[in-house]
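This is what each chain is made of:
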Amino acid sequence: MLSIVIIFLLISVYLYCLLGGADFGAGIIELFTGKTKKERVKDLVTNAMAPIWEANHMWVIITVVILFMAFPGIYTQVSISLYIPLIILLIGVVLRGTAFTFRHYDAVHDHSQVIYSRIFAVSSLLVSFFFGLIIGALVSGKITVNPTSYFEGYLHPWINLFSISTGIFICSLFAFIASVFLVSESTDQDTRELLVKQAKLNTAIMVLSGAMVFIFSFIEGVDFAQRFFRHPASIAAIILATIALPFLWRILNKGLIWTSRIIAGAQLFFILAAFYFIYFPEVILLKEGSNISLYNAAAPDSTLKVLGWALIIGSFIIFPTLFYLFKVFKIDRSSP
Amino acid sequence: MDNLLAARSTMAITLGFHIILACIGMTMPFLMVISHWIWIRKKKKIYLDLTKTWSRGVAIFFAIGAVSGTALSFELGLLWPGFMKYAGPIIGMPFSWEGTAFFVEAICIGLFLYGWKKLSPYIHWISGLLVGVSGILSGIFVVSANAWMNAPAGFDWINGQAYNIRPFEAMFNPAWISESLHMSIAALEATSFGVAGIHAILLLKKHNYEIHKKAVIIALSFGSIFAVLQPLSGDHSAKDIAVRQPEKLAAVEGLFQTQKNAPLTIGGIPDAQNQETHLGIKIPGLLSFLAFGDFDAEVKGLNEFPPENRPPVVIVHIAFQVMVACGFFLAAVGIIFWLMRWKWKEHLFSKWFLYLAAISTPLGFLAVEAGWTVTEVGRQPWIIYNFIKTADSVTPVPGQIFHLSVFVIIYLILTIVAIWLMKRQIRALNESQEEEVD
Ligand code: HDD
Ligand code: HEM
Ligand code: HEM
């Protein structure tokens, strides 16, 4: 049962990065769009996201529920050591969701729209950054169970160059996914070109910040790079993600909507797979040298059995309805 | 303010905020689909307008509910790691089912709000109904997690560790029926009266549009059923805690000494120092009767419990009085409403009745907050009743006061903005109705 629970955990993380990530990325793109085109991008983002964003963000809740039920040791240690970035993340989540909805539903369209947009866009960036930062912090080997000072216990695990570079990497990754996803939602040539440009720009940032992750891991004494080169599978995954890029460009230019989306999804998959090969089953690397893993923090069998079945049964309910939702609002529309 | 107190206050504020939205999210979809049903059947445009108006409310409140709920699922760990460490594996199951229910809810709300032109009317209607049904289900699931904190079950506690975890037993713990029944009814009651009250206020303000009248009728017809049921369900809850958590009942009643033929105290201020409750009307024997069905039954007082295990009696007692007062008031309004509908239909929208409805607007929500204060403060000093103390499970991270301040500020701003948005919605609605009259 443990493996079934882990599979669901991985699926939820992947789907959250893909669907939630596309949502966050949409906000980031809006943030970095020039004044003249802002209005158009905003409408595009709103129309693309509105029917599905609530559902997209459910994956994080499923992830959290799996964590606290099946891996309480991970959940509580993260809650303690990464307390501050988590709070900032939550503030971002609260502001972002409400600003998005308020912007869409406000009965009067006046100056307040600008404020909602600002909050929505800035908090999208904030949430993505801290999401990435938290992931980096987990494996930075700076989390400790017995802190001797406030700095060591609650600040150092996340205030370091390595975590910051993973934060930037995730921002560009999300923006990249969003731009590929949004291209097909837009109907006018101008916006399409803008988004393709964004996708390329974000690829460049992604490559740069990806390199930074490696460099800073050396500087910060994080064993990320060493581990990476020890795992052929993760090297292969990253190579696959990179060679997919040129294909993606061709296809984007040709306007093959679903193929480009699937390729972007596959690239995300490869990147996460690389992470998986490097670390699985470890989740938190401790300063003490030991780790908290999906194996050593797992809840007793009776709990896992119940959760596993709940997830299996739940997925029979969720996946068909979710598919129906996407069919109504995404598939039926994009096929003319 | 020390860390523990700050953490408790943060928990209380975030939950107190979330529960309002949860109530709305559990109830508004039902009001919406009732109106939608009438529209599908009678094709009177006014019902379509009402459905759409309400659905915009659902969308706005649902989003705030969803983000505050997401915050909560992290906060349980952020504030009480010493609790979640044990509680997660034992009581995670209802949360995992709740996750499924939320998912269905989030999907269906997308379908309902944006599916007007894309779905057939009946599928569309069903998607709206499912929003409400899964809302109620998710409410039942979380509350059963809370019930477990009051009536822990499904594990063996050996040397400070939980063994032999039995998740089903934990979820279907002795308190889950009384709590989730009472909570579900509370949500349906509070929101219906809230909605009816707002439309009544608009009518009083001379926005004399038919749509507000229809809204009042739908909301009160629905809500009054639950208003009448709620005191019965509350009585069931009280009988339940009399057996399960006698110190909670003693605090609720401000009963300091164990006694037979115990009186029911209405109102009054408990005085923990002198061990008695001042003022208040005491009805001899009634508490014994209500708790155990026998006027001579013995009811345990706070003196039976060591001082460090007694809940804060003043808050709990006052909160209980507030809840019960609201409960009987709303039940009375509900009964009056039906009398008027049957016998004096022409006076249904007379001023005095609209005033009654208007006064009721916040009372259900007030009762919900008060009720949760009874349940949660009445459980203190325990976080898991009789097993783990709240003080032992609080996070070791210092500086909780900042966390508290930030969330107070954010939720305050959100509340203000949400009210302001509602006002703008209402103004837009009134203007659109005006055009139609012209
Ligand atoms: C509309 C809201 C509302 C109304 C009118 C009432 N209640 Fe209530 N009450 C709640 C809303 C609520 C609640 C917020 O939903 C609580 C908190 C936890 C729970 O299960 O329900 C609650 C808890 C609660 C408890 C504690 C249960 C426990 O700790 O397990 C008792 C004994 C009562 N109620 C009794 C009553 C009585 C005798 C009422 C008579 C009119 C009443 N309530 C009206
Ligand atoms: C939404 C309605 C709820 C409200 C308004 C509410 C209210 C409160 C209040 C006032 C406190 C502080 C008590 C004190 O410290 O004196 C508290 C504590 C707490 N509640 Fe609730 N509660 C609600 C539901 C729940 C649910 C459903 C759960 C769990 C599944 C829960 C879990 C907790 C925990 C873990 C604490 C902190 C520990 C403690 O103080 O005992 N609550 N809540
Ligand atoms: C008595 C207490 C509670 C009740 C009755 C309740 C009920 C609800 C309902 C009906 C919703 C749907 C959203 C809406 O309509 O606004 C919701 C949202 C949510 N609640 Fe609560 N809740 C309670 C407490 C909690 C607690 C303690 C947690 C944290 C563990 C929590 C986590 C969530 C989450 C994650 C969401 C968002 C789900 C979504 O997007 O649909 N809730 N809650």
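Residues numbered from 1 in each chain as written. Chains lettered and ligands numbered in written order. Predicted model: local features only at pLDDT ≥ 70, side-chain atom pairs only at ≥ 80, totals over all residues. Heavy atoms only, no water.

Chemist: Please clarify how the interface of chain B and chain A should be interpreted in this entry.
Modeler: Often the size quoted for an interface is simply the accessible area lost on bringing the parts together. Residue-level contacts link 61 residues of chain B with 57 residues of chain A. Carbon and sulfur atoms supply 80% of the area buried between chain B and chain A, which totals about 5,400 Å² over both sides. Area buried by chain B at its contact with chain A is led by B:F74, B:F103 and B:Y114, which between them contribute 14% of it. Residue assignment for the side of chain B that touches chain A shows that the elements contributing at least two residues are α2 (45-79), α3 (81-114), α5 (167-171) and α14 (400-437) of chain B. A total of 22 residues in the side of chain B that touches chain A trace back to one element, the largest contributor, which is α3(B). (Contact = heavy atoms within 4.5 Å. Buried area = accessible area lost by both parts, 1.4 Å probe. Helix = DSSP H or I, 4+ residues; strand = E, 2+ residues; numbered from the N terminus.)

Chemist: What exactly am I supposed to notice about the site of ligand 1 here?
Modeler: Residue and element names in this part refer to chain B. Near ligand 1 there are 23 residues, and of these H182, K248, M323, V368 and T375 occur at the shortest range. The separation between an oxygen atom of ligand 1 and a polar main-chain atom of E179 is 3.3 Å. Within the side chain of T375, a nitrogen or oxygen atom sits 3.3 Å from an oxygen atom of ligand 1. Sorting the residues of the shell around ligand 1 by element identifies α6 (176-204), α7 (210-244), α10 (313-342) and α12 (363-377) as the ones contributing at least two each. Top element by residues in the shell around ligand 1 is α7. It accounts for 8 residues. When its residues are assigned to classes, the shell around ligand 1 shows 10 nonpolar, 8 polar and 5 charged. (Near = heavy atom within 4 Å. Polar contact = N/O pair within 3.5 Å; in protein donor to acceptor, adjacent residues only side chain to side chain. Nonpolar A, V, L, I, M, F, W, Y, C, P; charged D, E, K, R; others polar.)

Chemist: Got a minute to help me understand the confidence of the model for chain B in this structure?
Modeler: A low pLDDT score tells you not to read the predicted coordinates there in detail. Residue and element names in this part refer to chain B. Averaged over every residue, the pLDDT of chain B is 85; residues scoring 70 or more account for 98%. Mean pLDDT across the elements of chain B ranges from a minimum in strand β6 (residues 276-278), with 75, to a maximum in α12, with 93. Across the interfaces of the predicted complex, the ipTM metric reaches 0.84, alongside a pTM of 0.87. (pLDDT = per-residue confidence, 0-100.)

Chemist: Looking at this model, I keep getting lost on the environment of A:D301. Mind explaining?
Modeler: With respect to the secondary-structure elements, A:D301 resides in helix α14 (residues 301-334). Separated by 299 residues in the primary sequence, A:D301 and A:L2 place their C-alpha atoms 7.9 Å from one another.

Chemist: I keep staring at the coordination of the iron atom of ligand 3 and nothing clicks. Help me out?
Modeler: Metal coordination angles in their ideal form are 109.5 degrees for the four-donor tetrahedron and 90 or 180 degrees for the six-donor octahedron. Donation to the iron atom of ligand 3 from the protein comes from one atom only, B:H18 (NE2), at 2.1 Å. Residue placement: B:H18 occurs in helix α1 (residues 3-42). (Donors = N, O, S within 2.8 Å, 3.2 Å for Na, K, Ca; no water.)

Chemist: Is there a simple way to explain the nonpolar core in this structure?
Modeler: In terms of nonpolar packing, the biggest core is built from 253 residues, with A:I66 and B:W148 touching the most fellow members. Per element, the largest residue contribution to this core is 19 residues, and it comes from α2(B). In contact with B:W148, not counting residues within four places along its chain, are B:F83, B:A87, B:I90, B:I91, B:A153, B:F155, B:A170, B:N173 and B:I384. Membership of the second largest hydrophobic core comes to 9 residues, among which are B:I241, B:A242, B:L255 and B:L287. (Core = buried A, V, L, I, M, F, W, Y, C linked by side-chain atoms within 4.5 Å. Buried < 20%, exposed > 50% of the residue type's maximum accessible area, 1.4 Å probe, protein only.)

Chemist: Would you mind going over the packing of aromatic side chains with me for this structure?
Modeler: The description of an aromatic ring pair uses the distance of the two centres, along with the angle that the planes make with each other. This model, assessed by the stated rule, comprises 35 aromatic pairs over all chains. For the ring pair B:W157 and B:F387, a centre distance of 5.8 Å and an interplane angle of 70° mean the geometry is edge-to-face. Taken together, the residues B:W157 in strand β1 (residues 156-158) and B:F387 in the loop between β9 (382-384) and β10 (388-389) connect sequence positions 230 residues apart. On the basis of relative accessible area, B:W157 is assigned to the partly exposed category, the value being 29%. Here the guanidinium or amino end of A:R261 rests over the ring plane of A:F181, the centre of that ring lying 5.7 Å away. Sitting over the ring of B:W382, B:K389 keeps its end group 5.0 Å from the ring centre. (Phe/Tyr/Trp six-rings, centres within 6.5 Å; stacked < 30°, edge-to-face > 60°. Lys NZ or Arg CZ within 6 Å of the ring centre and 35° of its normal.)

Chemist: Any chance you could explain the pairing of strand β1 (residues 282-285) of chain A here in plain terms?
Modeler: Two faces, one strand: in a regular strand the side chains alternate between the faces of the sheet. Residues and elements named next belong to chain A. Direction of pairing for β1 relative to strand β2 (residues 291-293): antiparallel, over a ladder of 3 bridges. Each residue of the ladder has a partner; that of E282, found in β2, is S293. A loop of 5 residues connects β1 with β2, the two strands running antiparallel in sequence, and G289 in this loop sits at a positive phi of about 100°. (Pairing = 2+ DSSP bridges.)

Chemist: Would you mind going over the site of ligand 3 with me for this structure?
Modeler: Taken together, 28 residues are adjacent to ligand 3, and B:H18, B:G25, B:A66, B:F102 and B:W372 come closest. B:H18 is positioned with one of its side-chain polar atoms (N or O) 2.9 Å from a nitrogen atom of ligand 3. Secondary structure elements with two or more residues in the shell around ligand 3: α4 (58-70) of chain A together with α1, α2, α3 and α4 (121-150) of chain B. Ranked by the residues each element gives to the shell around ligand 3, the list is headed by α2(B), at 9 residues. Of the residues belonging to the shell around ligand 3, the class tally is 17 nonpolar, 9 polar and 2 charged.

Chemist: How do you make sense of the pattern of salt bridges when you look at a structure like this?
Modeler: A side chain of one charge can pair with a side chain of the opposite charge if their charged atoms are brought near each other. According to the stated counting rule, one finds 7 salt bridges over all chains in the structure shown. Ionic pairing is found between A:E30 and A:R103, a salt bridge with its closest N-O pair at 2.9 Å. Of this pair, A:E30 sits in helix α1 (residues 2-31) while A:R103 sits in helix α6 (residues 83-105); the two residues are 73 residues apart in sequence, bridging distant segments of the chain. The exposure class of A:E30 is buried, given its relative accessible area of 2%. Looking at A:R103, the relative accessible area reads 2%, which means it is buried. Put simply, B:D240 and B:R244 hold a salt bridge, and the shortest N to O gap is 3.0 Å. On the criterion of helical spacing, the pair formed by B:D240 and B:R244 is a turn pair, its members being 4 residues apart in helix α7. The exposure classification of B:D240 matches that of B:R244, with both residues buried. (Salt bridge = Lys/Arg side-chain N within 4 Å of Asp/Glu carboxyl O.)

Chemist: Sorry if this is basic, but what is going on with the packing of helix α12 (residues 232-254) of chain A against helix α13 (residues 257-279) of chain A here?
Modeler: Between two packed helices, the angle of one axis relative to the other and the distance separating the axes together describe the packing. Residues and elements named next belong to chain A. Their axes nearest at 8 Å, the elements α12 and α13 cross at an angle of 165°. Compared by their axis directions, α12 and α13 come out roughly antiparallel. Crossing geometry of α12 relative to α13 is assigned as left-handed. Side by side, α12 and α13 meet where A233, S234, A237, I238, L240, A241, A244, L245, F247, L248, I251 and L252 of the first sit next to T259, S260, I263, A264, Q267, F270, I271, A274, F277 and I278 of the second. For the contact of α12 with α13, the residue count by class is 18 nonpolar, 4 polar and no charged. (Axes fitted to C-alpha atoms, helices over the stretch in contact; angles between N-to-C directions. Parallel < 35°, antiparallel > 145°, perpendicular 65-115°, else oblique. Left-handed = near helix turned anticlockwise from the far one by under 90°.)

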